[in-house]
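Here is what each chain is made of, one letter per residue.
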Amino acid sequence: DRVLHTHEDKLISEQKFWEAVREIENHLAMVFHRYIETQRLKLFVNSNPVVEWDPFLKKEKSTQCFPTEVFSKDQVKVTGFVLPHISKINPETFDKAAGPKGWNEHQGFYIYRNDRLLVSGGWLRMFRKEDHVKLARIMIEIDTSLDFTWQLDIRKSRATPPAMLRDELKRY
């Protein structure tokens, strides 16, 4: 009912409905991309399979991957990526890599818990989003025992790194 009605309780147009369906499909492709790409999960929207969205372009040979660093007694793993410039990949791949919200919104940290994406970009109030770092994406994998420490909300859609790790993340 929330998808079909506006805030004024009017029915939305068919075009708006299909836009909402595409947004939902993009969200599922992003949040569950690790499950989809390893075939542990198959999702369908209107009988069409949801194709994963890898925010790190790991399959592209010109993606730069930095060494993984481990913190908090193996409970936090951090791996950095710099995505290829448009001159290094085809324009279609570059456009898809921008993500559902675009290059500037998707720069920054990606926080995972049990292979589920919790946070999809942003600098966790440590840095500002700037155009010259829009290709930088940093994967953070946290253990389930750190839910309280990372202040995960009940929906598992927002996380805040603990103070003791903020300097390590800034350095990385």
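Shown above is the structure to which this text applies.
On a predicted model such as this, the values are computed, not experimentally measured, just so you know. Residue numbers restart at each chain and count upward from 1, following the sequence in its written direction. At least 70 in pLDDT is required for a residue's local features to be given in this predicted model, at least 80 for side-chain atom pairs to be given and counted, and no such filter applies to totals for whole chains, interfaces and linings, which use all residues. Note: side-chain values were computed over all heavy atoms of the structure, leaving out hydrogens and water.

Asks: Account for the overall build of the chain, with residues named and values stated.
Replies: If you tally the helices and strands in the chain, you get five helices and eight strands. Along the chain direction, N to C, the helices and strands of the chain fall in the order α-α-β-β-β-β-β-α-α-β-β-β-α. Taken along its principal axes, the extent of the C-alpha atoms in the chain is 50 × 40 × 35 Å. Taken over 172 residues, the chain has a buried fraction of 38%. By the convention used here, residues are in contact when the closest approach between their heavy atoms is within 4.5 Å. Here the contacts in the chain between residues at least 6 apart in sequence split such that 55% fall between residues at least 24 apart. Within this scheme the basic residues Lys and Arg register as positive and the acidic residues Asp and Glu register as negative, but His and the chain ends are omitted. A charged residue contributes its charge at one atom only: NZ of Lys, CZ of Arg, CG of Asp or CD of Glu. Separation between the mean location of the 28 positive side-chain charges and that of the 25 negative ones in the chain comes to 3 Å. Helix numbers and strand numbers start at the N terminus; a helix is a DSSP run of H or I with at least 4 residues, a strand a run of E with at least 2. Each residue is placed in one exposure class: buried if its accessible area under a 1.4 Å probe, protein chains only, is under 20% of its type's maximum, exposed if it is over 50%, and partly exposed if it falls in between.

Asks: So, the environment of Val 76: which residues are in play, and what are the values?
Replies: Position of Val 76 among the secondary structure elements: in strand β5 (residues 76–82). With 89 residues separating them along the chain, Val 76 and Leu 165 place their C-alpha atoms 9.4 Å apart.

Asks: Residue-level account of the side chain of Thr 63, with values.
Replies: Inspection of the secondary structure puts Thr 63 in the loop between β2 (48–49) and β3 (64–65). In this structure Thr 63 touches Phe 56, Leu 57, Phe 81, Val 82 and Pro 84, once residues within four positions along its chain are discounted.

Asks: Could you give an account of the pairing of β5, with specific residues and numbers?
Replies: β5 sits mainly inside the fold: five of its seven residues count as buried. Here, strands pair whenever DSSP counts at least two bridges between them. In this sheet, β5 lies alongside β3 in antiparallel orientation, the contact comprising two bridges. Paired with Cys 65 across the two strands is Phe 81, which belongs to β5. Connecting strand β4 (residues 69–71) to the antiparallel partner β5 that follows it, the hairpin turn spans four residues, and Ser 72 within it adopts a positive phi of roughly 50°. Taken together, the seven bridges between β5 and strand β8 (residues 136–142) define a ladder with antiparallel strand orientation. In the strand pairing of β8, Gly 80 is matched with Ile 138.

Asks: Could you give me a rundown of the packing of aromatic side chains, with the residues and numbers involved?
Replies: By convention, a stacked pair of Phe, Tyr or Trp rings (six-membered ring in the case of Trp) has centres within 6.5 Å and planes under 30 degrees apart, an edge-to-face pair has planes over 60 apart, and any other such pair is tilted. Applying the stated criterion to the full structure yields eight aromatic pairs. Pairing Phe 17 with Trp 18 gives two aromatic rings, centres 4.9 Å apart and planes at 75°, and the pair type is edge-to-face. You can call Phe 17 partly exposed: its relative accessible area is 26%. Among the residues examined, Trp 18 registers a relative accessible area of 35% and is labelled partly exposed. Ring centres of Phe 109 and Trp 123 lie 5.4 Å apart, and the angle between their planes is 80°; on these two criteria the pair is classed as edge-to-face. Residue Phe 109 is located in strand β6 (residues 108–113), and its partner Trp 123 is located in the loop between β7 (116–120) and β8; the two are separated by 14 residues in the primary sequence.

Asks: For unusual backbone geometry, give the residues involved together with the corresponding values.
Replies: Backbone geometry places Asn 46, a non-glycine residue, at a positive phi of 55°. Here Asn 46 lies in the loop between β1 (44–45) and β2. A positive phi is found at Leu 57, a non-glycine position, where the angle reads about 45°. Residue position: Leu 57 is located in the loop between β2 and β3. Residue Leu 57 is classed as buried on the basis of its relative accessible area of 12%.

That is the geometry; function is a separate question.
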